[in-house]
Amino acid sequence: MGVMGLSSPSAVATVVIVLGLVLNAAVVCHGGITSSFVRKVEKTIDMPLDSDVFRVPLGYNAPQQVHITQGDHEGRGVIVSWVTVDEPGSNTVLYWSEKSKRKNRAEGIMVTYKFYNYTSGYIHHCTIKNLEFNTKYYYVVGIGHTPRKFWFVTPPKVGPDVPYTFGLIGDLGQSYDSNMTLTHYELNPAKGKTVLFVGDLSYADNYPNHDNVRWDTWGRFTERSTAYQPWIWTAGNHEIDFVPEIGEFIPFKPYSHRYHVPYRASDSTAPFWYSIKRASAYIIVLASYSAYGKYTPQYKWLEKELPKVNRSETPWLIVLMHSPWYNSYNYHYMEGETMRVMYEPWFVQYKVDVVFAGHVHAYERSERVSNIAYNVINGICTPVNDQSAPVYITIGDGGNLEGLATNMTEPQPKYSAYREASFGHAIFDIKNRTHAHYSWHRNQDGYAVKADSLWFFNRFWHPEDDSTSTQS
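Note that this is a predicted model, so its numbers are computed, not measured. (Residues numbered from 1 in each chain as written. Predicted model: local features only at pLDDT ≥ 70, side-chain atom pairs only at ≥ 80, totals over all residues. Heavy atoms only, no water.)

1. Section: the overall build of the chain
Phase 1: In terms of regular secondary structure, the chain is built from 7 helices and 27 strands.
Phase 2: A compact globule built from 472 residues should have a C-alpha radius of gyration of about 23 Å, and the chain, at 23 Å, falls within 12% of that.
Phase 3: The buried share among the 472 residues of the chain stands at 57%.
Phase 4: In the chain, once contacts between residues fewer than 6 apart in sequence are set aside, the share between residues at least 24 apart is 70%.
Phase 5: Summing over all exposed atoms, the chain offers an accessible surface of approximately 19400 Å²; the carbon and sulfur share of this is 56%.
Phase 6: Put simply, the chain has 42 plus and 45 minus side-chain charges, and the middle of one group is 7 Å from the middle of the other. (Helix = DSSP H or I, 4+ residues; strand = E, 2+ residues; numbered from the N terminus. Rg over C-alpha atoms; globule rule 2.2 N^0.38 Å. Buried < 20%, exposed > 50% of the residue type's maximum accessible area, 1.4 Å probe, protein only. Contact = heavy atoms within 4.5 Å. Areas by Shrake-Rupley, 256 points an atom, 1.4 Å probe, with all protein chains shown as cover. Lys, Arg positive; Asp, Glu negative; His and termini not counted. Charge placed at Lys NZ, Arg CZ, Asp CG, Glu CD.)

Quick look at the structure:
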């Protein structure tokens, strides 16, 4: 017999080569894996204003920056948003299903805003209601001037074993790397149907006086995806736009005018925290930069929201936020700590499956851990393995102009399963009530390559150990 029962020299050589590739791919540290992949050090640069991805559509008052998101709690509604610049134009959306020739009309609203020396275009929001599940719809905006036609597909009816594929993107911006991330997601053969976006959209606030022209360019850049599939929005720190020195005292002004969400459908009192159901998932969006302490509106809402989740109907409980709770990079280290202290016991109690965050411009996935025993007196403040706890994933690696976070804490903490300083996106592919497959895709790889992947076992229906060590 040869090595590991292999009899031929060629087989032995194959094993040696494979082992060499594995050892070259990752470094096992005190905690999990710190990837040894080194991205070429290059400055991340925003695309210039005359880039083709920012091109204004042709025609008088042509709608631009078209984007959609879920428009109700169950998935039978869609909010369609767009901007016109020459004049207000029509608020009407014309829509019809692929199965029918009958065209329907929905009427929306129009808003504008001013920010320092910038005046927005005419921003339209229209909610289409009572759509059929699992149906392709066409829709037209810009009626009366330069109409533009798009399409979307509604989700399947909510149910426990309904398969569905989500994309994950965060901290995107509008750099050359941002364009690569979006292209990589669009061409991924896994074919995400809805993007869960964990905050930090345009990075307009990196420009003098928070130049809101960069909100317009971002809307045109992302339209190639956002007009055809819903993006579920989370507000990040780059959406705050609080600049009292230039007379801008209202936080989130550009974001809240441009990106509407169905927060009232989940009894939220503000658009920064809300929930939706989609297929077999219950998605809760939290606000890292709105008050979350005890007695605040967000706290009271979440306290009532979590008990409402029926895992027999929506087995997968997913939480989106911007600032990560478990982060082993030296960037934004422990910024999410106070929110973690407030809400982590609830996440464990209600068996949240996974938490996606952004903010740190790199990638990291945790094991299932919790740190809820500490009470000031006992000194128990180390994260421990907890199979009732979520996996925490930082996906703030969209490619914005601020560049990558490369400085990691050493040694790698035990709770950190995998980390890498690269740009990319992720896919969360729900198969049924018990299993979902997760994969992370770095921009430098082929579209089908999975740089990190894991089978998730549902915490309610199949609460077995799904940590990296058990699957390797």
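2. Quick look at the sheet that holds strand S12 (residues 148–153)
Phase 1: Read across the sheet, 4 strands follow the order S6-S5-S11-S12 without closing on themselves; strand pairing throughout is antiparallel. Two strands close off the open sheet at either side, each with one partner strand: strand S6 (104–107) and S12. Recorded for the sheet is a direction-independent mean angle of 30° between the axes of neighbouring strands.
Phase 2: Both strand S5 (residues 92–97) and strand S11 (residues 136–141) contribute to a ladder of 4 bridges, which runs antiparallel. Within the sheet, the bridge partner assigned to Tyr 95 lies in S11 and is Tyr 139. (Pairing = 2+ DSSP bridges. Axes fitted to C-alpha atoms, helices over the stretch in contact; angles between N-to-C directions.)

3. A closer look at the side chain of Arg 148
Phase 1: Along the polypeptide, Arg 148 turns up in strand S12.
Phase 2: Within the local environment of Arg 148, its side chain forms a polar contact with the side chain of Glu 223, the two groups lying 2.9 Å apart.
Phase 3: The contact partners of Arg 148, leaving out residues within four places of it in the chain, are Pro 57, Pro 63, Gln 64, Val 66, Tyr 139, Val 140, Val 141 and Glu 223. (Polar contact = N/O pair within 3.5 Å; in protein donor to acceptor, adjacent residues only side chain to side chain.)

4. Things to note about the pairing of strand S3 (residues 64–70)
Phase 1: For S3, the buried fraction is high: 7 of the 7 residues fall into the buried class.
Phase 2: As judged from the 5 bridges shared by S3 and strand S4 (residues 78–84), these two strands associate in the antiparallel manner. Looking at the pairing, His 67 lines up with Ser 81 of S4.

5. Points about the packing of aromatic side chains
Phase 1: Applying the stated criterion across every chain, the model contains 38 aromatic pairs.
Phase 2: Ring centres of Phe 252 and Phe 272 lie 4.5 Å apart, and the angle between their planes is 35°; on these two criteria the pair is classed as tilted. A residue pair is termed long-range when its members are at least 10 positions apart, and Phe 252 in the loop between strand S15 (231–232) and helix H4 (253–258) and Phe 272 in the loop between H4 and strand S16 (274–278) qualify at 20 residues. Like Phe 252, the residue Phe 272 is buried in the burial classification.
Phase 3: Members of the aromatic cluster, joined through ring pairs, are Phe 197, Trp 215, Trp 218, Trp 231, Trp 233, Phe 252, Tyr 255, Tyr 259 and Phe 272.
Phase 4: Directly above the ring of Trp 96 sits Lys 103, whose terminal nitrogen or CZ lies 4.5 Å from the centroid. (Phe/Tyr/Trp six-rings, centres within 6.5 Å; stacked < 30°, edge-to-face > 60°. Lys NZ or Arg CZ within 6 Å of the ring centre and 35° of its normal.)

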